[in-house]
Each structure stands twice: as structure tokens, then as C-alpha cells.
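Chain residues, written in single-letter form:
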Amino acid sequence: MKNTEELAWAAGLFGAEGSSYYDRHKQAVSMAMSQITDNRQLVDRFQNALGLGKVGHHRHAKDNHRASVAWRLRGNHNSSKALNLIWPWLDLEKRQQALTAIQKLIKDHPEAQITIPREQHIPSPTEELAWAAGLFGGDGSIWHEALWNKRRVSMEVSQSTKNRAILERFYQVVSVGKIYDRKHRSTPRRPNPDSRWRAWTTEACLTVITLLWPWLDEYKRVCAVRSLEACGGDTSNLISYSP
């Protein structure tokens, strides 16, 4: 039986970094997710949580792009299994993306064998924390800074404004911080304004990190401890945990 907290974490990470799409050449629904090479363990953990897909290096055409590690899954049967595993915790945008891919497949190939995911499980509060840790692992950041001769820790999770709901869900889970919309000039690389959840104080950040710690990936744990200790935060209660 799969660990539901790890699946919830995987759904959060997929919500941050993953995508589902219809591959017309393969005549199948495919899924993919990538991370910079420095954080390969995040992708390996995702693959282990699902027990599906392959992890490999991805080279960018432009030399100024950092190398990345990609998780990929192809085939209608495998994509159905993966989507059904993480569906109870998947955010609405990623659900719609997956359903659109399935609809395109069925339109082109009515005979295709693929299962449309169904809601079968109500997430528990603990699973929601695991989901939030996955989202923060993919789209979150934590740092410390000096402000008016005083050090403080800040945290942030960003999304395009059209997916603001995922930040509202994150805020409901951690109950700390604030969401705000950030307007910017539209460009091909940034076609939409973005929204951000942010916590500005060391105390608030320590609260969030303590909540997410059991499911937080090693890279984010190291960043969190360094920032908190640099600002006098008490990290003694952040116990080691391996899912």
C-alpha cells in the first residue's frame, strides 16, 4: 500500500513543477517534471513515491541554461496509474490540465484505453501539510537578510496569478503569512502577472518550517536551518525525519 503522505507530497511537487500533456506522435497522454541537477534527490524521491516513470538528465539547447534532471512518464496505462495515485491532492489547475490531455486523446482516438481519475479520498490535515511541503520544495524559497540593522528570515512561494488558488490553499494549510499580487510588464517569458505567498518574520518562518519539516526535502531543510540560525531562530525542535 502506498504511503498517502508521500503521495500528497508528490502531488504538491507536481503542482509546482510538473505537467500532463497529449503527445500526438505517441498517441498517448504523457507526464513530465524537471529540476536543476543540484536537486536530483527531489526528482528521485518523486519517482520512488509513485513507483513509475524514468529519471534522466536533460540538456538545454542554450549553454547559459543550467542542466536539469527530468522525470518522464509515457503511455496511457502508466499515466492513468500516476494520475490516480496523486489525484486526491492535486490542485485544480493540474487536474484540468490532465483532463484536457485525456479529452484530446479520446477525441483523436476514441478507442484509447485510459482511465479518467476519480475523487476517492478526502485529504487529512497531515496529508495537506505533506502537500504544502511538496509545493514549497518545488516553488518555494527561504532566505535571510539584514534590514535596518536587524536580521530577519523571509519565505516565499510564487505562482502565476491565474493559479492564485494554489497559494490560497497553501495559506490555509500553514495559517501564516500573506498573499499579494505582483504586477509586471507582460513579456513572452512572463506573459501573466504573478501572485506570491510570503512570510516576513523569523518567528513566522520558523512556524511554517516546523509544520512542513517532516516532509521537507533535504535541500530546503539546509536552506531553512542556515537562514533561521543566522537570525537567531531556535532550530532545536527540527528533528530529523525520513519519509
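Criteria and cut-off values
- Residues numbered from 1 in each chain as written.
- Predicted model: local features only at pLDDT ≥ 70, side-chain atom pairs only at ≥ 80, totals over all residues.
- Heavy atoms only, no water.
- Phe/Tyr/Trp six-rings, centres within 6.5 Å; stacked < 30°, edge-to-face > 60°.
- Helix = DSSP H or I, 4+ residues; strand = E, 2+ residues; numbered from the N terminus.
- Buried < 20%, exposed > 50% of the residue type's maximum accessible area, 1.4 Å probe, protein only.
- Lys NZ or Arg CZ within 6 Å of the ring centre and 35° of its normal.
- Contact = heavy atoms within 4.5 Å.
- Salt bridge = Lys/Arg side-chain N within 4 Å of Asp/Glu carboxyl O.
- Axes fitted to C-alpha atoms, helices over the stretch in contact; angles between N-to-C directions.
- Parallel < 35°, antiparallel > 145°, perpendicular 65-115°, else oblique.
- Left-handed = near helix turned anticlockwise from the far one by under 90°.
- Pairing = 2+ DSSP bridges.
- Core = buried A, V, L, I, M, F, W, Y, C linked by side-chain atoms within 4.5 Å.
- Lys, Arg positive; Asp, Glu negative; His and termini not counted.
- Polar contact = N/O pair within 3.5 Å; in protein donor to acceptor, adjacent residues only side chain to side chain.
- Expected span 1.5 Å × (residues − 1).

As for the packing of aromatic side chains
Item 1. With the rule as written, the count across this model stands at four aromatic pairs.
Item 2. Relative to Trp71, the ring of Phe46 has its centre 4.8 Å away and its plane inclined at 80°; by these criteria the two rings are edge-to-face. Taken together, the positions of Phe46 in helix H2 (residues 40-50) and Trp71 in strand E4 (residues 68-73) put the pair 25 residues apart, joining distant regions of the chain. Each member of the pair, Phe46 as well as Trp71, carries the same accessibility label: buried.
Item 3. Measuring from centroid to centroid gives 6.4 Å for Tyr180 and Trp200, while their planes differ by 25°, and the two rings are stacked. Highlighted residues: Tyr180 in strand E7 (residues 178-182) and Trp200 in the loop between strand E8 (194-199) and helix H7 (202-212), separated in sequence by 20 residues.
Item 4. Three or more aromatic residues link up through ring pairs in this structure, and these residues are Phe14, Phe46 and Trp71.
Item 5. When the ring centre of Trp9 is taken as reference, the NZ or CZ atom of Arg45 above it lies at 3.8 Å.

A word on the environment of Tyr219
Item 1. Note that Tyr219 resides in helix H8 (residues 218-230).
Item 2. Sequence separation of Tyr219 and Gln41 is 178 residues, and the distance between their C-alpha atoms is 8.8 Å.
Item 3. The residues touching Tyr219, leaving out its near neighbours within four places in the chain, are Asn39 and Gln41.

Topic: the pattern of salt bridges
Two side chains bearing opposite charge may form a pair once their charged atoms approach each other closely.
Item 1. Using the criterion set out here, one finds ten salt bridges in the structure.
Item 2. The partner of Glu128 in a salt bridge is Arg169, and the shortest N-O contact between them spans 2.7 Å. Taken together, the positions of Glu128 in helix H5 (residues 125-139) and Arg169 in helix H6 (residues 164-174) put the pair 41 residues apart, joining distant regions of the chain. Grouping residues by exposure puts Glu128 and Arg169 together as buried.
Item 3. Ionic contacts of the salt-bridge type, sharing partners, join the residues Glu156, Asp194, Arg196 and Arg198 into one network.

Here's the deal with the packing of H5 against H6
Item 1. Running from N to C, H5 and H6 point in directions that differ by 125°, and their axes come no closer than 10 Å. Classed by the angle they form, the pair H5 and H6 counts as oblique. Judged by the sense of rotation from one axis to the other, the crossing of H5 with H6 is left-handed. Two secondary-structure elements touch here, H5 through Glu128, Leu129, Trp131, Ala132, Leu135 and Phe136 and H6 through Ile166, Arg169, Phe170 and Val173.

So, the sheet that holds E8
Item 1. If you trace the four strands from one edge of the open sheet to the other, you get E5-E6-E8-E7, paired in antiparallel fashion. The sheet is open, and its two borders are formed by strand E5 (140-147) and E7, each paired with just one other strand. Sheet twist, expressed as the average angle between the axes of neighbouring strands with direction ignored, equals 30°.
Item 2. Each of E5 and strand E6 (150-160) is contacted by H5, which is oriented at about 95° to E6, the strand it contacts most.

Some remarks on the nonpolar core
Item 1. One finds Leu50, Trp131, Phe170, Trp197 and Leu212 to be the most contacted residues of the largest nonpolar core, which totals 66 residues.
Item 2. Trp131 has contacts with Ala8, Trp9, Ala11, Gly12, Trp89, Ile166, Arg169, Phe170 and Val173, leaving out every residue within four places of it along the chain.

Considering the side chain of Asp217
Item 1. By the element assignment, Asp217 lies in the loop between H7 and H8.
Item 2. No salt bridge is formed by the buried Asp217; its nearest oppositely charged neighbour, Lys220, is found at 5.2 Å.
Item 3. Side-chain polar atoms of Asp217 contact the backbone nitrogen of Lys220, separated by 3.1 Å.
Item 4. Apart from the residues lying within four places of it in its own chain, the contact partners of Asp217 are Asn39, Gln41, Leu42, Arg45 and Gly137.

Thoughts on H5
Item 1. Between the first and last C-alpha of H5 there are 21 Å, a value that for 15 residues agrees with the 21 Å anticipated at 1.5 Å per step.
Item 2. Taking burial as the measure, the 15 residues of H5 include twelve buried ones, the bulk of the element.
Item 3. Listing the buried residues of H5 in full gives Glu127, Glu128, Leu129, Ala130, Trp131, Ala132, Ala133, Gly134, Leu135, Phe136, Gly137 and Gly138.

By themselves, these are just geometric observations and shouldn't be taken as functional.
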